[in-house]
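Descriptive structure summary
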Amino acid sequence: MESLRDRIVFITGASSGIGRACARACAREGARVLMAARRLERLAELGAELKAEYRADVHHFALDVRRQPEVESALAALPPGWQAIDILVNNAGLSRGLDKLHEGLLGDWEEMIDTNVKGLLYVSKAVIPGMIARGRGHVINLGSIAGHEVYPGGNVYCATKAAVNALTRALRLDLVGTPLRVTTVDPGMVETEFSLVRFHGDARRASKVYQGLQPLTPDDIAEVIVFCASRPGHVNIGEVILTPQAQASATLVHRKN
Ligand code: NDP
Ligand code: 8X3
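Residues numbered from 1 in each chain as written. Chains lettered and ligands numbered in written order. Predicted model: local features only at pLDDT ≥ 70, side-chain atom pairs only at ≥ 80, totals over all residues. Heavy atoms only, no water.

**Let's talk about the overall build of the protein**
Stated formally: Runs of E in the DSSP output that reach at least two residues are strands. Runs of H or I that reach at least four are helices, and both are numbered from the N terminus. Atoms counted for the radius of gyration: C-alpha only. Globule rule: 2.2 Å times residue count to the power 0.38. For every residue, the accessible area obtained with a 1.4 Å probe (protein chains only) is divided by the maximum for its type, and the residue is called buried under 20%, exposed over 50%, and partly exposed between those limits. Only heavy atoms enter the contact rule, under which two residues are in contact if any of them lie within 4.5 Å. Accessible areas in this description were obtained via Shrake-Rupley with a 1.4 Å probe; residue shielding takes into account the shown protein chains only.
A tally of helices and strands in the protein yields eight helices and seven strands. Its C-alpha atoms give the protein a radius of gyration of 18 Å, within 12% of the compact-globule value 18 Å for 257 residues. Seen through its principal axes, the protein has C-alpha atoms that stretch 50 × 40 × 35 Å. For the protein, the residues scored as buried account for 49% of the 257 residues in total. Of the contacts formed within the protein by residues at least 6 apart in sequence, a portion of 73% connects residues at least 24 apart. Total accessible area on the protein stands at roughly 12,100 Å², and carbon and sulfur atoms take up 54% of it.

This is the structure:
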């Protein structure tokens, strides 16, 4: 195992769910944690917690990954001590709606494609050249089992996560000959704000998604991310798929009652 101590880990979407748990786990491991999301007040709160609990070195800034100029300028404007990012966790992402394709909302499609695909590309492009120049770096993308299988109503979300899968594999090819590593972590059902966002704030519908089974927790995913990031430099974990024990596929889930 290689220590994450003093490594700079940049996590997009650190204001909630998996990103938030990842920030916490990295801080616990002694990493320096750089956090971005749109909800600044949540990042400030989390940063204060991590400082108090782990005496962590943290820095946060507001970022909408869909805005390319903003992504570029925010990363270029990082304080000098925060620019040498070692590990990029491309976590910011969302689903919107579960409609049949021919009934889907254009706004939902745009938001998913702009965030999950284009946002991931914009952030990657802003960070990876520095990693190459410094001769070290690890890109960890949050994919999904939705990138491996489709399910009814998943259409555009699944397509964005299939794109994340393709981009992860393509990036690994493009970086061959450099010391950089590229990983995709692809969970099944994780209880976060994901379903609340998918159903546009309908909490009752969101809670039904996890009824009758024990879903993964954000901490479960964060531990996998820490594991991938802390392998010795010659080890590249390409892809990790993890689901709740009761979930056999994107469409086959065993629920009690
Ligand atoms: P949450 O809704 O809890 O968290 C999503 C995070 O993404 C938030 O911090 C949100 O921050 C951020 N985000 C969304 N849009 C943007 C944006 N335009 N710019 C910057 N940040 C943004 O969901 P999860 O933690 O579950 O999701 C994290 C990742 O994990 C996503 O990529 C998701 O697709 C993936 N995933 C989730 C699974 C699940 O079952 N929960 C399973 C498989 C993969 P803010 O709103 O403050 O900007
Ligand atoms: C989230 C998992 O199955 O709800 O990516 O699409 S799923």
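Picking up after the structure, the text goes on.
**Describing the side chain of Ser195**
By secondary structure assignment, the location of Ser195 is in helix α6 (residues 194-198). You can call Ser195 buried: its relative accessible area is 3%. Ignoring any residue separated from it by four or fewer positions in sequence, one finds Ser195 in contact with Ala206, Val209 and Tyr210.

**A look at the site of ligand 1**
Put simply, the rule reads: The nearness test applies per residue and asks whether one of its heavy atoms lies within 4 Å of the molecule or strand. Whenever two N or O atoms come within 3.5 Å, that pair is a polar contact, provided that in protein one can donate a hydrogen and the other can accept it, and provided that, for residues adjacent in sequence, both atoms are side-chain atoms. Nonpolar residues are Ala, Val, Leu, Ile, Met, Phe, Trp, Tyr, Cys and Pro. Charged residues are Asp, Glu, Lys and Arg, and all others, Gly as well, are polar.
What surrounds ligand 1 is a group of 30 residues, the closest being Ser15, Ser16, Arg38, Tyr157 and Thr192. Gly13 is positioned such that a nitrogen or oxygen atom in its backbone is 3.0 Å from an oxygen atom of ligand 1. Note that an oxygen atom of ligand 1 is positioned 2.8 Å from one of the backbone N or O atoms of Ile18. Out of a free accessible area of 880 Å², ligand 1 has 96% covered by protein chains. Going through the elements one at a time, α1 (17-28), α5 (155-174) and α6 are the ones with two or more residues in the shell around ligand 1. Classifying every residue of the shell around ligand 1 gives 13 nonpolar, eleven polar and six charged.

**Structural notes on the site of ligand 2**
In the vicinity of ligand 2, the contacting residues are Ser144, Ala146, Tyr151, Tyr157, Gly188, Phe194 and Arg198. With respect to ligand 2, the side chain of Tyr151 contributes an N or O atom lying 2.5 Å from an oxygen atom. One of the side-chain nitrogen or oxygen atoms of Tyr157 is found 2.6 Å away from an oxygen atom of ligand 2. Notes on ligand 2: free accessible area 250 Å², of which the protein chains cover 86%.

**Regarding the pairing of strand β3 (residues 58-62)**
Selection criterion: Strand pairing follows a simple DSSP-based rule, namely that at least 2 bridges must link the two strands.
Note: strand β2 (residues 32-37) against β3, five bridges, orientation parallel. When the bridges of β3 are listed, Leu34 appears paired with His59.

**Details of helix α4 (residues 106-134)**
The cut-off we apply is this: Each helix should span, by expectation, one fewer than its residue count multiplied by 1.5 Å. Bend, at a single residue, is the angle you get between axes fitted to the 7 residues ending at that residue and the 7 residues starting at it.
When the terminal C-alpha atoms of α4 are compared, their 41 Å separation across 29 residues agrees well with the 42 Å that a helix rising 1.5 Å per residue should span. A bend of about 35° at Lys118 is the largest found in α4. A positive phi of about 75° marks Gly135, the residue just after α4.

**Re empty space enclosed by the protein**
What counts is decided by this rule: A 1.4 Å probe that fits but cannot get out identifies a cavity on a 1 Å grid over protein atoms alone, an open set with protein on both sides within 12 Å along at least five of seven lines counts as a pocket, and a residue lines either if it has an atom within 4 Å of a point. Grid points are joined across faces, edges and corners, and a volume is the space filled by probe spheres set on the points.
A complete count under the given rule lists two cavities of 30 Å³ or more for this structure. Lining the largest cavity are 15 residues, with Arg96, Gly97, Met112, Gly153 and Asn155 sitting closest to its centre. Listed by contribution, the elements that provide at least two residues to the lining of the largest cavity are α4 and α5. Of the residues in the lining of the largest cavity, the class split is five nonpolar, five polar and five charged. Considering only enclosed or pocket space, the second largest cavity measures out at about 30 Å³ in volume.

**Brief notes about the environment of Gly201**
Positionally, Gly201 belongs in the loop between α6 and α7 (203-208). Taking the C-alpha atoms as reference, Gly201 lies 22 Å from Ala21; in sequence the two are 180 residues apart.

**Quick look at α5**
With 20 residues, α5 extends 28 Å between its outermost C-alpha atoms, agreeing within 8% with the 28 Å of an ideal straight helix rising 1.5 Å per residue. Turning to α5, its buried residues are Val156, Tyr157, Cys158, Thr160, Lys161, Val164, Asn165, Thr168 and Leu171. Tucked into the core, α5 has its buried residues touching α4, β5 (138-142), β6 (181-187), α6 and β7 (239-242).

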